[in-house]
Amino acid sequence: MTMQSIPNPSRRNFLKIAAAAGGGLLLGFNWSGSEAAPAVLNGPAAVPGVDFNSYLSISPQGIITILSPNPEVGQGIKTAFPIIVAEELDADWKKVVVEQAPLDTKKFERQVAGGSGSIPHSWKRLREAGATARQMLIEAGAKRWSVPAAECSTDKGFVVHAASNRKLSYGDLATDASKLPVPADVKLKEIKDFKLIGSTVRNVDNPGILTGKNLFGIDFHREGMLIAMLQRPAFGYKLKNLDATAAKAMPGIVDVVTFNNNVAVVGKSTWQVKKAKDALKIEWEKADNLESTPDHNRLFKELLDTGTPTVRRKDGDVDAAFKNAARVVKAEYQCPFLPHSPMEPMNFFAHVKADGAELVGPTQTPELARNETAKLLGLPPEKVTVALTRMGGGFGRRLKTDYVLEAVNVSKLVNAPVKLIWSREDDMTGGSYRPAVRYRFEAALDAQNNLIGYKLRGVGINSGNPTREDNFPSGAVDNLLIDSVEHKSPITTGAWRAPITNFLAFAEQAFIDEVAQAAGKDPVQFRLDLLEKAKKQPTGAIKYDIDRMIGVIKLAAEKSQWGKKKNVAQGFSVYFSHRSYVAQVGEVVMEKGKPRVAKVYSAADCGVVVNQSGARQQVMGCIVDGIGHAMYGQLTFKEGVPEQKNFNTYRMIRMNEIPEVEVHFVQNEIEPTGLGEPSLPPAGAAVANAIFKATGKRLYNQPFVQEDVLKGIS
Amino acid sequence: MSVYKLQINGKTVQADVEPDTPLLWVLRDHLGLVGTKYGCGIAQCGACTVHLNGQATRSCVLPVSSVGNSKVTTIEGLSKNGDHPVQQAWNEVDVPQCGYCQAGQIMTAAALLKRNPKPTEEEIETTMSGNLCRCGTYHRIREAVKLAATKTK
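Residues numbered from 1 in each chain as written. Chains lettered and ligands numbered in written order. Predicted model: local features only at pLDDT ≥ 70, side-chain atom pairs only at ≥ 80, totals over all residues.

Student: Hey, could you run me through the overall build of chain A in this one?
Tutor: Secondary structure assignment for chain A yields 17 helices and 27 strands. Taken against the 2.2 N^0.38 rule, which gives 27 Å for 714 residues, the C-alpha radius of gyration of chain A at 28 Å falls within 12% of a compact globule. Principal-axis analysis of the C-alpha atoms places the extent of chain A at approximately 80 × 75 × 50 Å. Here chain A holds 714 residues, and 57% of them are scored as buried. In chain A, once contacts between residues fewer than 6 apart in sequence are set aside, the share between residues at least 24 apart is 77%. (Helix = DSSP H or I, 4+ residues; strand = E, 2+ residues; numbered from the N terminus. Rg over C-alpha atoms; globule rule 2.2 N^0.38 Å. Buried ≥ 20, exposed ≤ 12 C-beta atoms within 10 Å, placed from the backbone. Contact = placed C-beta atoms within 7 Å.)

Structural data, given as structure tokens:
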């Protein structure tokens, strides 16, 4: 475990102190309290009395407790992290108990669920945590037998001395091992020797999930806590007048309080609070700049034509290239706002006391939640504790801390422990959306159909930079200009699974397909030719690995038998995001005159696959998610008020609408990169390009179901 | 407020609530049975699915006053040891990602297999399409329902 982030005590001292503090071998830190799992499903129950402050502890009975510090949002990190530790420890996975660590930034680095960054960030330190313990166990065994440590090895929870045919379990050696000096340097396993990493391991929380245990934030209960729900202003509105007389008189209602233009109803049970919230009489003051969706459509065209752009990347001489072009291809692509719609709506528990605050709940950014809470309350951050619950999805929404601070505000105002719950309507209308964006692409082809010029302008609403200027085909085109214009709006936006690229990838990969068609080239070969050019004659900086991108393109083409199938239309897409490479082939068949997406092949290069089950899940889920939102997702506005408020008017993909998915991974020994997002961006274009192949019609706008070619599909 | 006697997971329990309180919130807030999830409140997502006399029912729109003597089964009462064929299949196939919708998915699947132990692919799809999963675990849900059908005696 690398401990550079821990200023004091030093790594060695820290591990030593930790080791001295408890009964077994302690490395790292702790939290206890997982529920014993029903043994019939899997895994051992947590051993009572194991009460360490450790990252990894081993009880005398041989039960290994591994703490997983990062927030679990469905990406599988609570399973993947312990796999990495257990691999280097050479532990018997059947004897591993996994527990969620609370926020402790002195002990753990980067306790964040976002950017598909957990695995790449923690890979080395998790391996070292396991390897250090393994080395200490070996030394303890060697001492017990009075043999050189070099003669000892480990095997699935045992230290083995092969020469004398003796072995001792980790449980037997844990106490002795914990007293040894912590080795300064440990040898990590060769990747080829991994047994657990790369195998199929089930979600460690299955037992609790499948039997309805209280794992999620919304399930949290504290004796005496109150329930709160808020009425928030729509975008561009302020609280003008409140009449809470009726609400306050309703059964179970404890108080109605206001802060920051919000009205909070606080009471004893969720249903009572929800009914009282509906009984509030509120007058809102409207701002002058209320926005509606038709305004945005007009605005986008204005910004594309006359906006003042920020240049993101400029290579060569674009004007000359377009002047000399034999042919120019132009296309525009637009996407709407999207809510995140995690199945568990926003919620958080807060108990603000005079000298501190206790927070419990689902957050992708516990450190930010703590620091902002401390700032709000005027407390030092160490007076705020954060316990992490499992999250019923996040998709970027839980990177924001607005709902945490709401719970803190309410708890402070009513001076009681409070669980704040958003209704689905609150969740869908409460902001931080995927920004609405429009792109204009222009490509210049010379007489030999070479791509000699490329322009992309992105305009977006609270989108920041809606381009990823260094992505492919940057580097492969001599003359290139990428710029953007942002419009500031009262509608709040934020990161949404694979931020920006969740739509940009569709636009870029659909456009490349259109350019390949104009050039009369096979879409796969066209991409490969551009990549070869980028390799041999790069233009400007290249920030993706050309060979890895070629690798996934070739794998996807091979597995899908690209170009060799009859009676099925194929579409290609490839994308690099969040450090991983994914190529996908969509397959469309025509049924009753309408295209149906039948299958998607995926080829991903994320380096070493940590958990086959979890990795395949992420790829399949990203594809379903990516296709679902591309096909159906849309949030529209009328005068700052979202027009879709629940799943009856906001359509989400369902089981009868999913294609078959075939998942492949490039096998290599590259350090693993994240998989929570990278398979989503290419999905939209794989499907859209296949629909074009099947129908001759290009898709330019999301949601696809509103495009002519798909109108009338159920 | 009125006191309702309810038959839940084989036990008689009581809750002092208003008559229009949805069964979902009686379970979650008053009886501490939080396995049944709130997702939409309007019977669109299926996260709140329980069994009412063996039938899959959306508890978020079912007023407690209309439950009467019906036998309610929640995810906590589906099996004693978490070993209902559907739970076993869900584990073997490793269905959950975030896991939030899965109790509802399991209850829907268990009710399907009870009334139709050997459902066709189409019957599985039609039934399970009423339950949303934002993580997109639908492939494995379908596989797990099929596996559970082979385990159901």
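Student: I would appreciate a short explanation of the overall build of chain B in the present structure.
Tutor: Looking only at helices and strands, chain B has 5 helices and 5 strands in total. Of the regular secondary structure in chain B, the N- to C-terminal order runs β-β-α-β-β-β-α-α-α-α. Computed over the C-alpha atoms, the radius of gyration of chain B is 15 Å, within 12% of the 15 Å expected from 2.2 N^0.38 for a compact globule of 153 residues. The dimensions of chain B, computed from C-alpha atoms along their principal axes, are 45 × 30 × 25 Å. With 153 residues in all, chain B has 60% of them scored as buried. Put simply, 60% of the contacts in chain B that link residues at least 6 apart link residues at least 24 apart.

Student: Would you explain the confidence of the model for chain A in this entry?
Tutor: Reading predicted coordinates in detail is not appropriate for stretches of low pLDDT. Residues and elements named next belong to chain A. Chain-level statistics for chain A give a pLDDT mean of 91 and a share of 92% at 70 or above. In the predicted structure, residues 1–44 sits below a pLDDT of 50 and forms 124 contacts with residues beyond four places in sequence or in another chain. Residue range residues 47–53 is modelled with pLDDT below 50. Its contacts to residues more than four positions away, or to other chains, number 20 contacts. (pLDDT = per-residue confidence, 0-100.)

Student: Hey, could you run me through the sheet that holds strand 24 (residues 594–605) of chain A in this one?
Tutor: Pairing between sheet strands relies on hydrogen bonds along the backbone, with the strands arranged either parallel or antiparallel. Residues and elements named next belong to chain A. In space, the 4 strands of this open sheet follow the order 22-23-24-27, with mixed pairing throughout. Strand pairing shows two members of the sheet lacking a second neighbour, strand 22 (569–577) and strand 27 (660–665), which therefore form its edges. Sheet twist, expressed as the average angle between the axes of neighbouring strands with direction ignored, equals 20°. Bridging between strand 23 (residues 580–591) and strand 24 involves 11 bridges; their strand directions are antiparallel. Within strand 24, the position partnered with Val589 by the bridge is Arg596. (Pairing = 2+ DSSP bridges. Axes fitted to C-alpha atoms, helices over the stretch in contact; angles between N-to-C directions.)

Student: I would appreciate a short explanation of the domain arrangement of chain A in the present structure.
Tutor: Interface extent is often summarised as the accessible area lost during association of the parts. All names here are of chain A. Split by domain assignment, chain A resolves into domain 1 (11–211), domain 2 (217–287 + 346–421) and domain 3 (307–337 + 433–710). Computed over C-alpha atoms, the centres of domain 2 and domain 3 are 38 Å apart. At the interface, 9 residues of domain 2 touch 10 residues of domain 3. Across the side of domain 2 that touches domain 3, the residue classes break down as 6 nonpolar, 2 polar and 1 charged. (Domains from an automatic or database assignment. Nonpolar A, V, L, I, M, F, W, Y, C, P; charged D, E, K, R; others polar.)

Student: I'm lost on helix 4 (residues 121–128) of chain B in this one. Help?
Tutor: At 3.6 residues per turn, the α-helix brings residues three or four places apart onto the same side. Residue and element names in this part refer to chain B. The complete set of buried residues in helix 4 reads Ile124, Thr127 and Met128. Here the buried residues of helix 4 occupy an arc of 85° about the axis, which is enough to place them on one side. Lining the buried residues of helix 4 we find helix 3 (102–115) and helix 5 (138–151). (Arc of directions from axis to C-beta.)

Student: Mind showing me how you'd approach the nonpolar core here?
Tutor: Side chains of nonpolar character tend, in soluble globular proteins, to be buried together. Ala228(A), Val265(A), Leu359(A), Ala407(A), Val552(A) and Ile106(B) are the most contacted members of the largest nonpolar core, which has 248 residues in total. When residues in this core are grouped by element, the largest group, 10 residues, is from helix 13 (residues 501–518) of chain A. Apart from residues no more than four positions distant in its own chain, Ala407(A) is found in contact with Phe348(A), Phe349(A), Ala350(A), Val418(A) and Leu420(A). (Core = buried A, V, L, I, M, F, W, Y, C linked by C-beta atoms within 7 Å.)

Student: For this particular structure, what's the right way to read the sheet that holds strand 16 (residues 356–361) of chain A?
Tutor: All names here are of chain A. Strand order in this open sheet of 7 strands is 10-11-8-18-15-16-17, and the pairing throughout is mixed. Among the strands making up the open sheet, the edge pair consists of strand 10 (253–259) and strand 17 (384–388). When the angles between neighbouring strand axes are averaged without regard to direction, this sheet yields 20°. Sheet topology places strand 15 (residues 347–353) next to strand 18 (residues 418–421); 4 bridges connect them, and they run antiparallel. From the neighbouring strand, Phe348 faces strand 18, where its bridge partner is Leu420.

Student: Please explain the pairing of strand 22 of chain A as it appears in this structure.
Tutor: Regular strands place side chains that alternate from one sheet face to the opposite one. Residues and elements named next belong to chain A. For strand 22, a buried count of 8 out of 9 residues is recorded, marking the element as mostly surrounded by other parts of the structure. For strand 22 and strand 23, the ladder comprises 9 bridges, and the chain directions are antiparallel. When the bridges of strand 23 are listed, Ser577 appears paired with Ser580. Count of turn residues in the strand 22/strand 23 antiparallel hairpin: 2 residues, of which His578 carries a positive phi of about 50°.

Student: Where do I start with the packing of helix 10 (residues 366–377) of chain A against helix 11 (residues 402–414) of chain A in this structure?
Tutor: To describe two helices that pack against each other, one gives the angle between their axes and the distance between the axes. Residue and element names in this part refer to chain A. Following both chains from N to C, one finds helix 10 and helix 11 inclined at 35°, their axes separated by 10 Å at the closest point. You can see that helix 10 and helix 11 cross each other, and the crossing is right-handed. Contacts between helix 10 and helix 11 involve Ala369, Glu372, Thr373, Leu376 and Leu377 on the former and, on the latter, Val404, Leu405, Val408 and Lys412. When grouped by side-chain class, the residues that make up the contact of helix 10 with helix 11 number 6 nonpolar, 1 polar and 2 charged. (Left-handed = near helix turned anticlockwise from the far one by under 90°.)

Student: Please explain the interface of chain A and chain B as it appears in this structure.
Tutor: Counting residues at the interface gives 48 residues for chain A, matched by 48 residues for chain B. Those elements that provide at least two residues to the side of chain A that touches chain B are helix 5 (206–211), helix 7 (270–278) and helix 16 (612–632) of chain A. Residues of the side of chain A that touches chain B, tallied by class, amount to 21 nonpolar, 19 polar and 8 charged.

Student: Any chance you could explain the domain arrangement of chain B here in plain terms?
Tutor: Residues and elements named next belong to chain B. Domain assignment breaks chain B into domain 1 (2–77) and domain 2 (85–151). The distance between the C-alpha centroids of domain 1 and domain 2 comes to 21 Å. Taken residue by residue, the interface counts 15 residues in domain 1 and 12 residues in domain 2. The set of elements that each furnish at least two residues to the side of domain 1 that touches domain 2 consists of strand 3 (49–52) and strand 4 (55–58). Considering every element that reaches the side of domain 1 that touches domain 2, the biggest residue donor is strand 3, with 3 residues. Among the residues making up the side of domain 1 that touches domain 2, the classes are represented as 6 nonpolar, 8 polar and 1 charged.

Student: What's the story with the environment of Asp176(A) in this structure? I'm lost.
Tutor: Turning to its location among the elements, Asp176(A) is positioned in helix 4 (residues 170–178). Each residue touching Asp176(A), except ones within four places of it in the same chain, is listed here: Ala140(A) and Arg144(A).

Student: In this structure, what is going on with helix 7 of chain A? I would like to understand it.
Tutor: For helix 7 of chain A, the tally of buried residues reaches 8 of 9 residues, placing the bulk of the element in the interior. Within the sequence span of helix 7 of chain A, burial applies to Thr270(A), Trp271(A), Gln272(A), Val273(A), Lys274(A), Lys275(A), Ala276(A) and Lys277(A). Its buried side turned inward, helix 7 of chain A meets strand 8 (226–231), helix 6 (245–248), strand 10, strand 11 (262–267) and strand 18 of chain A together with helix 1 (23–30) of chain B.

Student: Would you explain the environment of Asn70(A) in this entry?
Tutor: All names here are of chain A. Looking at the element boundaries, Asn70 is found in the loop between strand 3 (64–68) and helix 2 (77–89). When the C-alpha positions of Asn70 and Leu388 are compared, they lie 8.7 Å apart, and in sequence the two are 318 residues distant. With sequence-adjacent residues up to four places away left out, Asn70 is seen in contact with Ile77, Phe81, Gln111, Val112, Ala113 and Ser118.

Student: Is there a simple way to explain the environment of Pro362(A) in this structure?
Tutor: Residue and element names in this part refer to chain A. In this fold, Pro362 is placed in the loop between strand 16 and helix 10. It is 40 Å that separates the C-alpha atoms of Pro362 and Val159, two residues lying 203 residues apart in sequence. Dropping the residues within four chain positions of it, Pro362 is found in contact with Phe216, Gly217, Glu344, Asn347, Thr389, Met391, Gly392 and Arg398.

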